[in-house]
Amino acid sequence: MAASSVSPMKPELPPKPTQELSKITGDQLPDRYIHQFPETAADHSAIKYMDNPIIDLNLLSAVSTHQPEELQKLRSSLSSWGCFQLRNHGLTSSLLHQIRQVEKEFFGLPLEVKQKHSRTLHWVEGYGNDTVSEDQKYCWNDRLVLKVYPVDQRNFKFWPEDLPKFRETLDEYTKEVRRVLEMILKAISKSLNLDENSFVRECEGDEGIYMLARFNLYPPCSTPDHVVGLKPHSDASAVTILLQDNEVEGLQVQKDNQWFKVPIVPDTLFINVGDQLEIMSNGILKSAVHKVVIDKERERTSVAIACFPYIEKEIGPISELIDKERPQLYKKVKNYISLYLQYSPTAERAITAMKL
Ligand SMILES: O=C(O)CCC(=O)C(=O)O
Ligand SMILES: [Fe+2]
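Residues numbered from 1 in each chain as written. Chains lettered and ligands numbered in written order. Predicted model: local features only at pLDDT ≥ 70, side-chain atom pairs only at ≥ 80, totals over all residues. Heavy atoms only, no water.

K.L.:
Which parts of the structure should I look at to understand the coordination of the iron ion (ligand 2)?
P.N.:
Six octahedrally arranged donors around a metal ideally form angles of 90 or 180 degrees; four tetrahedrally arranged donors ideally form angles of 109.5 degrees. His233 (NE2), Asp235 (OD) and His290 (NE2) make up the full set of protein donors to the iron ion (ligand 2), lying at 2.1 to 2.2 Å. Here the donor residues of the iron ion (ligand 2) share one chain and are spaced in sequence as H-x1-D-x54-H. Like His233, the residue Asp235 is buried in the burial classification. (Donors = N, O, S within 2.8 Å, 3.2 Å for Na, K, Ca; no water. Buried < 20%, exposed > 50% of the residue type's maximum accessible area, 1.4 Å probe, protein only.)

K.L.:
Mind showing me how you'd approach the confidence of the model for the chain here?
P.N.:
The predicted coordinates ought not to be read in detail in places where the model reports low pLDDT. Counting all residues, the mean pLDDT for the chain is 92, and 94% of those residues have values of 70 or more. Here the predicted complex carries an ipTM of 0.99, next to a pTM of 0.95. (pLDDT = per-residue confidence, 0-100.)

K.L.:
So what exactly am I meant to see when it comes to helix α2 (residues 67-80) here?
P.N.:
The α-helix advances 3.6 residues per turn, and as a result positions three or four apart in sequence lie on the same side. Taking 1.5 Å per residue as the helical rise, α2 with its 14 residues ought to reach 20 Å, and the 20 Å between its terminal C-alpha atoms agrees with that figure. Of the residues making up α2, those classed as buried are Gln67, Glu70, Leu71, Leu74, Ser77 and Leu78. Angular distribution of buried residues about the axis of α2 spans 130°; they occupy a single face of the element. Facing away from the buried side of α2 by more than 90 degrees, the exposed set consists of Pro68 and Gln72. Of the surrounding secondary structure, the elements contacted by the buried residues of α2 are β2 (55-56), β3 (83-87), α5 (166-191) and β12 (269-273). (Helix = DSSP H or I, 4+ residues; strand = E, 2+ residues; numbered from the N terminus. Expected span 1.5 Å × (residues − 1). Arc of directions from axis to C-beta. Contact = heavy atoms within 4.5 Å.)

K.L.:
Can you walk me through the packing of α2 against α5 in this structure?
P.N.:
When two helices pack together, their arrangement is given by the angle between their axes and by how far apart the axes lie. One can describe the packing of α2 onto α5 by two numbers: an axis separation of 9 Å at closest approach and a directional angle of 90°. The angle between α2 and α5 falls in the class roughly perpendicular. In this structure, α2 uses Gln67, Leu71, Leu74, Arg75 and Leu78 to contact α5, whose residues at the interface are Ala187, Ile188, Lys190 and Ser191. (Axes fitted to C-alpha atoms, helices over the stretch in contact; angles between N-to-C directions. Parallel < 35°, antiparallel > 145°, perpendicular 65-115°, else oblique.)

K.L.:
What's the story with the side chain of His233 in this structure? I'm lost.
P.N.:
Positionally, His233 belongs in strand β8 (residues 230-233). Among the residues examined, His233 registers a relative accessible area of 18% and is labelled buried. Only 3.1 Å separates the side chain of His233 from the side chain of Asp235, close enough to count as a polar contact. Apart from residues no more than four positions distant in its own chain, His233 is found in contact with Ala288, Val289, His290 and Tyr340. (Polar contact = N/O pair within 3.5 Å; in protein donor to acceptor, adjacent residues only side chain to side chain.)

Here it is, written out as structure tokens:
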């Protein structure tokens, strides 16, 4: 499907935050939140856990004698699952606790305070939900989305000003995530036998890396099978680094048309390939399709940092990964995010439009 054939649709935002609806019982749920996907009615307790090995960032480093095996695990996880959990990443438990804490404080603010930072219909930053087209259902979540890199492009009107620890915590957290991102991009390059700076160069270019923080809140719902926290999607990013809730499960990933639960492993980060890295790797790495299901009694939160190249930088499969056996599978593209935003309120995936 070509980009130009996306049917014109009027994007809409849900009129109310999900947090405000979360005490409503099943029969009173507004119709726009009730999904009829067959998978929402699945018995989630019967779904298996994702079982790819946890990757250890220390072992990916050149000084480790285990580096070759760890790189092999990384490559195999990313080409089959498109994601993995990372341990020994160097972010302290105390920093992980603090970022979760400021997230809870934000969502705990009175509605009128949060709404001072509301997003608009046409750009993702700010407090609110995702846009959908008028014939689509809403998701059962609220988000606060903030651009965190480049630092001089932060839009502070979206940042809560009354939470004393919010800015410094997010600042420190994103610096640390950026450090991990660079190490991971180098390891991924090595795992594909490329120069170790290949993906750093592709992602950063001259402009540096762009990073969006997404604070996600999934309130409980008395009829969790009728709602969806996040619909099945892949991310528009090159890589997304996610801190899951440390008590409430909900994230699921798809592999070979089957859903798997992502287990909670304390102090790990969940890392997934996004569409732009699938394109750069000429399809060797898979952009993970994932979704979030809702708990009946407990609220769930997560913090996702989506990392991607400067919007105007042209990206495409890197030349070393194109040959006779593996011809170029994707077109080159500038501003993939805008293509993604055109597709995201529809049932189609933007990356399909990139295939040659
Ligand atoms: O909340 C989660 O576990 C996943 C969040 C996610 O997929 C996203 O923000 O794109
Ligand atoms: Fe996602």
